Amino acid sequence: GKRKRSSTSVLYDSDESEDSDILIRKVFAKRHCIMDEDESSQEQQPDKTCLAENIPTNRKQQVLARLKELARQRATRTSCNSECFEDSDAEVEIEEEPLSHLPLTPTEGSETDHDSMKDFIVGDDDEEEDDDDDTEDRKRLLPLLTFFSDFIAFFPVSRCSHYVHFQRIVKAFLINAIDDTFLNSLYDGTRQKRYAQDMLTSLHYLDDRFIQPRLENLISRSRWKDRYKERVDCYPDVRIIMKNPRSMSCQACELNRYCKFDVLLSGKLYNSRTLEADDFMSHDKQVLKVGTVCANRTRVYHNLKHFKYKLYVDCSTMAESDGVEDEPVKDTVDRLFSQLEGNGWIQKRYDDLENYMNDADSFQEEK
């Protein structure tokens, strides 16, 4: 075929050794193709390929194989459907002339391969480099995004304030004080209406965000024995009385202390979700002698641990003392809630909760 000289071309070389002859080829820029090693075409143009006669055939095959591999790698990254590379047997338009030596060695690594491909194929390299950078950034950020997605899924972010959560809890307790199956049906998934789901979210918010993390922090920083902790968990009522100090083993941490406080535990055992009380051994009491630090920790821990149950008991007392009969549950709850909100009772109980949380947060670790 005809051979044309192209002013727009890209360079590559065939060898980097100082003893071998150098062959530099230009590729027509508008047709992206692989160089042809057809020996017959070189025999037909002896005047153009005289420098190639001194290069061994196997060396030329290695160079062409290297270029083909680089071309395939570049084609995989560019994903351009309109461009294609021809087979090694296809006819190409080339012109050969000796120029300066450009190094191309397989041992130089990926940077040399990348630079060589820039010289071999003309393309929009800037856009492709930006795409590669964006891909690397996404790969680096993927574990972090996955972590935050899992964290948000485990602890759903609520858009309402803490006080709104508290108001929902009070209303749920008022409903359960009238209909004692409400909380049970709320936790087992029977009630699917929006208001019920909001109340369930607020109850989880109170347990998982406000109370439980602080209780675990108080326990982890103490020397309490498991037996003492179980007793404090089971009895909803506590009285801490100062007595004459005695040098003895503290019944909370079992360390020798000057124990001058008696901890009186009493009350009915109850379900932590439905808040239903158990009458078994309802009059049982425990009296434990503890030191000063354990007594203070018991007060802070107990206030927070049994706050929800005591709030429910107060709501039940309000509902029982109302005395209005033959009224729909919704109307009764709305009326009671408005009364408690109007006289500041709900705000006062919310302030108590905040004070209990602050006491737990500021409690010092034992020395």
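The coordinates are above.
Conventions used here
Residues numbered from 1 in each chain as written. Predicted model: local features only at pLDDT ≥ 70, side-chain atom pairs only at ≥ 80, totals over all residues. Heavy atoms only, no water. Core = buried A, V, L, I, M, F, W, Y, C linked by side-chain atoms within 4.5 Å. Buried < 20%, exposed > 50% of the residue type's maximum accessible area, 1.4 Å probe, protein only. Helix = DSSP H or I, 4+ residues; strand = E, 2+ residues; numbered from the N terminus. Contact = heavy atoms within 4.5 Å. Expected span 1.5 Å × (residues − 1). Bend = angle between axes of the 7 residues up to and from the residue. Pairing = 2+ DSSP bridges. Axes fitted to C-alpha atoms, helices over the stretch in contact; angles between N-to-C directions. Phe/Tyr/Trp six-rings, centres within 6.5 Å; stacked < 30°, edge-to-face > 60°. Lys NZ or Arg CZ within 6 Å of the ring centre and 35° of its normal. Polar contact = N/O pair within 3.5 Å; in protein donor to acceptor, adjacent residues only side chain to side chain.

Draft legend 1. Quick peek at the nonpolar core. Membership of the largest hydrophobic core comes to 60 residues, with the highest contact counts inside it found for V170, F173, V290 and L311. Ranked by residue count, the leading element in this core is helix α7 (residues 194–220), at 10 residues. Once residues within four sequence positions are removed from consideration, F173 is found in contact with L183, L203, L275, K308, L311, Y312 and C315.

Draft legend 2. Region of interest: α7. In a regular helix each residue adds 1.5 Å, so 27 residues correspond to 39 Å; α7 covers 38 Å between its end C-alpha atoms and thus fits that length. When the local axis directions of α7 are compared, the greatest deviation, roughly 40 degrees, occurs at I211, which is followed within four positions by the proline P213. Among all positions of α7, only A196, M199, L200, S202, L203, Y205, L206, F210, I211, R214, L215 and L218 are buried. On its buried side, α7 packs onto α5 (162–178), α6 (182–187), α9 (292–305), α10 (307–320) and α12 (345–362).

Draft legend 3. Molecular detail of the sheet that holds strand β8 (residues 286–290). Taken in spatial order, the 3 strands make up an open sheet running β4-β5-β8, and their pairing is antiparallel. Both edges of this open sheet fall to β4 (237–249) and β8, since each of them pairs with a single strand only. Neighbouring strand axes in the sheet, compared pairwise and without regard to direction, differ in orientation by 20 degrees on average. Summarising the sheet, strand β5 (residues 256–266) and β8 pair through 5 bridges and their orientation is antiparallel. In the strand pairing of β8, V263 is matched with L288.

Draft legend 4. A look at the packing of aromatic side chains. Summed over all chains, the structure comprises 9 aromatic pairs. An angle of 85 degrees between the planes, with centres 5.5 Å apart, marks the rings of Y205 and F210 as edge-to-face. Using a relative accessible area of 7% as the deciding quantity, one classes F210 as buried. An aromatic cluster is defined as three or more aromatic residues linked by ring pairs; in this entry it consists of Y163, F166, F307, Y350 and Y356. Stacked on the ring of F337, the Lys or Arg K171 has its end atom at 4.5 Å from the ring centre.

Draft legend 5. How the structure looks around the side chain of D233. Secondary-structure assignment places D233 in helix α8 (residues 226–234). When its relative accessible area of 17% is taken as the criterion, D233 is described as buried. At a separation of 2.8 Å, a polar atom in the side chain of D233 contacts the side chain of K229. Once you skip the residues sitting within four places of it in the chain, D233 turns out to touch Y301, K305 and H306.

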